[in-house]
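Residue-level structural notes
Now for the letters of each chain:
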Amino acid sequence: MTLLTSKWNYHERLESGRGVITTWIKSARLSKKAQANLERTLDQLRQLPKASWSKPQPASSLGHHTYVIRFREVTGTQLRVFGHFFDAHSAFVMTFEGYEKDNVYYPNDYQKVAQQRKAECDPHFSDKTVKFGNYCALCQPQGGSTNK
Amino acid sequence: MHFASRREAQLISKLASPLDAKPQWRDKEYREAYMEAAIDQGVAWQIKINRKLRNMSQIDLGTAIGTQQSGVSRLEDPEYGAHSLDTLKQVAKAFDCALLVKFVSYGDLARESENLSETDQYAAPFTLELEQCNV
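Residues numbered from 1 in each chain as written. Chains lettered and ligands numbered in written order. Predicted model: local features only at pLDDT ≥ 70, side-chain atom pairs only at ≥ 80, totals over all residues.

**A short note on the overall build of chain B**
Our working definition: Each helix corresponds to a stretch of at least 4 residues labelled H or I by DSSP, and each strand to a stretch of at least 2 residues labelled E; elements are numbered beginning at the N terminus. Around each residue's C-beta, the other C-beta atoms within 10 Å are counted; 20 or more make the residue buried, 12 or fewer make it exposed, and counts in between make it partly exposed. All C-beta atoms are placed from the backbone. Any residue pair is listed as a contact if its two C-beta atoms, each placed from the backbone, are within 7 Å.
Helix and strand content of chain B: eight helices and zero strands. Ordered by position from N to C terminus, the α and β elements of chain B give α-α-α-α-α-α-α-α. Residues classed as buried in chain B amount to 21% of the 135 residues present. Across chain B, contacts joining residues at least 24 apart in sequence account for 70% of those joining residues at least 6 apart.

Right, dumping it as structure tokens:
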């Protein structure tokens with residue numbers, strides 16, 4: 001990590017002015033248990049170097065700068081959040097959600113989507129992403145990136 | 001709630017400051033879910049990390065605690081959620097480290113959530129601690 005913080009910050013991609021992961025959590029009505037699972041998972045991962053984002057940790061590199069974060073719904077559904085690191089902001093950018101079944105990720109074209117999202121977000125990080133929850137030490141409490 | 005003194009109230013207020021970063025915990029059901037996730041995920045990851053750092057296979061650990069490799073695999077599954085104290089005591093003995101079980105405030109849990117690096121998760125075996133004492 002290169003900036004002031006020793007922990008990763010979390011951002012999410014903006015779509016129509018809203019964070020896509022926050023919107024998904026609400027629209028999919030994730031249970032509180034699943035949300036808490038995600039929060040604990042993020043707490044764990046933000047303290048690990050990028051190289052440690054692999055099993056047994058709940059995240060893995062999928063190649064081409066794409067990473068997946070794993071957590072579960074109470075029903076057992078294997079929920080997934082895809083994204084990439086944006087080192088200039090010491091951030092992991094969560095760009096879209098999916099799930100895994102029988103060792104197959106959905107959406108099937110996750111790699112293509114991840115590349116597109118990365119290409120959208122990285123050149124305009126402060127406009128295309130927003131901090132996720134309280135997980136960004138570099139952003140204002142109520143706003144987006146301080147890079148604005 | 002009545003505090004014994006203003007100082008005690010100030011102390012508790014100060015101790016609870018990590019909760020500022022956890023606004024969702026104001027919901028009782030949510031914070032209880034987080035607590036359970038912290039136990040389930042934390043125990044599973046600690047077992048796996050400590051086993052690997054000791055260069056033990058799942059079979060090695062299974063042999064040490066009297067179970068099969070599949071049983072250890074289950075213990076290392078963050079979603080297992082059924083670790084018994086007896087089993088954890090056996091794992092601690094196999095790792096030659098201590099097991100600390102204590103009730104804590106949610107403020108303490110929030111503080112703990114800031115210390116989850118692999119170094120934080122590692123519990124050195126007693127023999128290694130002794131070697132360091134003797135240096």
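**Considering the packing of helix 3 (residues 58–65) of chain B against helix 5 (residues 85–95) of chain B**
Residue and element names in this part refer to chain B. To keep things clear, this is the line we draw: Angles run from 0 to 180 degrees between N-to-C directions of axes, and those axes are lines fitted to C-alpha atoms, restricted for helices to the stretch in contact. Oblique is the label for any angle not covered by the other classes, which are roughly parallel (under 35 degrees), roughly antiparallel (over 145) and roughly perpendicular (65 to 115). Handedness of each helix crossing follows the sense of rotation of the near helix against the far helix: counterclockwise by less than a right angle gives left-handed, clockwise gives right-handed. Each residue is assigned to one of three groups, with Ala, Val, Leu, Ile, Met, Phe, Trp, Tyr, Cys and Pro labelled nonpolar, Asp, Glu, Lys and Arg labelled charged, and all others, Gly among them, labelled polar.
In contact at an axis separation of 9 Å, helix 3 and helix 5 are set at 115° when each is read in the N-to-C sense. With respect to their mutual orientation, helix 3 and helix 5 come out roughly perpendicular. The element helix 3 and its partner helix 5 pack so that their crossing is right-handed. Counting all contacts with helix 3, which are made through L61, A64 and I65, the residues of helix 5 involved are Q90, V91 and A94. Residues that form the contact of helix 3 with helix 5 fall into these classes: five nonpolar, one polar and no charged.

**Description of helix 3 (residues 110–121) of chain A**
Residues and elements named next belong to chain A. For clarity, the threshold we go by: Each residue after the first adds 1.5 Å to the expected span of a helix. The directions considered for the arc are those from the helix axis to the C-beta atoms.
Here helix 3 is 12 residues long and its end C-alpha atoms lie 16 Å apart, about the 16 Å a rise of 1.5 Å per residue gives. Listed in full, the buried residues belonging to helix 3 are A114, R117, K118 and C121. An end-on view of helix 3 places all buried positions within 100° of arc, on one side of the element. Structural note: helix 3 exposes K112 and A119 on the side pointing more than 90 degrees away from its buried face.

**Side note on the confidence of the model for chain A**
All names here are of chain A. Our working definition: Scored from 0 to 100, pLDDT records how confident the predictor is in each individual residue.
Summing up the model confidence of chain A, the mean pLDDT is 90 and the portion of residues at 70 or higher is 91%. Ignoring residues within four places in sequence, the model shows residues 1–5, a span with pLDDT below 50, making 10 contacts including any to other chains. This model gives residues 143–148 a pLDDT under 50, and the stretch forms 15 contacts once residues within four places in sequence are excluded.

**A word on the nonpolar core**
Inclusion rule: Think of a nonpolar core as buried Ala, Val, Leu, Ile, Met, Phe, Trp, Tyr and Cys residues, each tied to the set through C-beta atoms within 7 Å.
Core analysis: the biggest nonpolar cluster contains 28 residues, and A:Y10, A:A91, A:F92, A:V93 and A:M94 have the highest contact counts within it. Among the elements of the structure, helix 1 (20–27), helix 2 (32–45), strand 4 (66–72), strand 5 (78–86), strand 6 (91–101) and helix 3 of chain A are those that each provide at least two residues to this core. Among the elements that make up this core, the one with the highest residue count is strand 6 of chain A (five residues). For A:V93, the residues in contact, after removing those within four places along its chain, are A:H11, A:R13, A:G83, A:H84, A:F86, A:C121 and A:T129. B:L61, B:V72, B:L75 and B:F95 belong to the second largest nonpolar core, which has 10 residues in total.

**Things to note about the interface of chain A and chain B**
Many descriptions give the size of an interface as the accessible area lost when the pieces come together. Across the contact, 16 residues belong to chain A and 18 residues belong to chain B. In terms of residue count, helix 2 of chain A provides more of the side of chain A that touches chain B than any other element does, nine residues in total. Its residues assigned to classes, the side of chain A that touches chain B comprises four nonpolar, six polar and six charged.

**Considering unusual backbone geometry**
Residues A:Y106 and A:P107 are joined by a peptide bond in cis, for which omega reads 10°. With respect to the helices and strands, A:P107 occurs in the loop between strand 7 (104–106) and helix 3. In this model, A:N103 sits at a positive phi of 65°, which is unusual for a non-glycine residue. With respect to the helices and strands, the residue A:N103 is situated in the loop between strand 6 and strand 7. The exposed category is assigned to A:N103, around which 6 C-beta atoms lie within 10 Å. The backbone of B:D96 sits at a positive phi, close to 55°, despite the residue not being glycine. Position of B:D96 relative to the elements: it lies in the loop between helix 5 and helix 6 (106–112).

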